Amino acid sequence: MASTTYPVIRDQPNLSRFTMEQIEQIDKAFRKARAAFARKSVPAAKVKAPAKERRVRTKR
Amino acid sequence: MEAAEYRLQVFINCPFDRAYRKLFYAIVFAVKHCGYDARSALEISDAGELRLAKIFRIISACALGIHDISRTELDSRSRLPRFNMPLELGMFLAAREFGDAQQRAKICLVLDRAPHRYEKFCSDIKGCDISSHRRNPETAIYVVRDFLRGVRPKVTLPGGKFICRSYAKFLKTLPAGCQEVGLRTNDLTFNDYATFVARWLKQTEDSV
């Protein structure tokens, strides 16, 4: 049975050529861009069209 | 190397040219999204170390390998094909064959652009698990995700569609991150790109 363990993202600091200050700048820029992206992708509320009256067929 | 660390390292062996970059970026993103470390020969720029020694060192540190052997075209200038990817696949398979117990536990995914195409140029690997990405980054993400899902069945991974959606969002915000530190999206080194991916994913993780 699969456990519910979700992978933890690994940072690999050994790879980073950025200073801590730059990392903070990147984090901040991402946060800002993501917030802007989230705002844009929220769909505008649609006005629900009134349901058409169902035509009832009657026998002639 | 500690076993726990070793089993989370993924060696990515693929072309490094501009034409392949979209696939490479998608594969690195999928690997990191699934909680693994992406390793590549590009990560070290130490001119003092022999390239082959560097690749052997990285391969020996990785339990997993993703090898793309799809680049078979002739180089436009030299009119010769590139053999680095099949060579590094061979090095990985040899480590698995002749190495110690840890090395023998290596698992790899071989990628090509179409099913059964490899049989015409590298038929000796017939019988290995070979998947095709069809030169499509989304397909590559699905294939890599499914491979990593199979490696550790007890760990729940996000689905391919979810990772693709995350990747699309990441690509939209990447220019903002690059701009902040004075870089252009097209000029990122592997190390820079891997750091951007990790920082972006960390934020996703923290916000859950």
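Details of the structure are given in the entry above.
Residues numbered from 1 in each chain as written. Chains lettered and ligands numbered in written order. Predicted model: local features only at pLDDT ≥ 70, side-chain atom pairs only at ≥ 80, totals over all residues. Heavy atoms only, no water.

**Q** I keep staring at the packing of aromatic side chains and nothing clicks. Help me out?
**A** By convention here, two paired aromatic rings are described through the distance between centres and the angle between planes. Tallying each qualifying case throughout the model produces twelve aromatic pairs over all chains. Aromatic pair Phe-170 of chain B and Trp-200 of chain B: ring centres 5.7 Å apart, planes at 75°, arrangement edge-to-face. Of this pair, Phe-170 of chain B sits in helix α7 (residues 160–180) while Trp-200 of chain B sits in helix α8 (residues 190–207); the two residues are 30 residues apart in sequence, bridging distant segments of the chain. Taking NZ or CZ as reference, Arg-34 of chain A lies 3.9 Å from the ring centre of Trp-200 of chain B, over its face. (Phe/Tyr/Trp six-rings, centres within 6.5 Å; stacked < 30°, edge-to-face > 60°. Helix = DSSP H or I, 4+ residues; strand = E, 2+ residues; numbered from the N terminus. Lys NZ or Arg CZ within 6 Å of the ring centre and 35° of its normal.)

**Q** It is not clear to me how the nonpolar core should be interpreted in this structure. Could you clarify?
**A** For soluble globular proteins, nonpolar side chains are generally found buried alongside one another. Grouped together as the largest cluster of nonpolar side chains are 52 residues, with contacts concentrated most on Val-31, Leu-148, Phe-170, Tyr-193 and Phe-196 of chain B. When contributions to this core are tallied by element, the ones reaching two or more residues are α1 (20–41) of chain A together with β1 (9–13), α2 (21–33), β3 (64–68), β4 (107–112), α6 (137–151), α7 and α8 of chain B. Here the element with the most residues in this core is α2 of chain B; it accounts for nine residues. With sequence-adjacent residues up to four places away left out, Val-31 of chain B is seen in contact with Val-10, Ile-12, Tyr-36, Asp-37, Ala-38, Ile-66, Val-144 and Leu-148 of chain B. The next biggest cluster of nonpolar side chains, apart from the first, holds 16 residues, and it includes Ala-41, Ile-58, Ile-69 and Val-110 of chain B. (Core = buried A, V, L, I, M, F, W, Y, C linked by side-chain atoms within 4.5 Å. Buried < 20%, exposed > 50% of the residue type's maximum accessible area, 1.4 Å probe, protein only. Contact = heavy atoms within 4.5 Å.)

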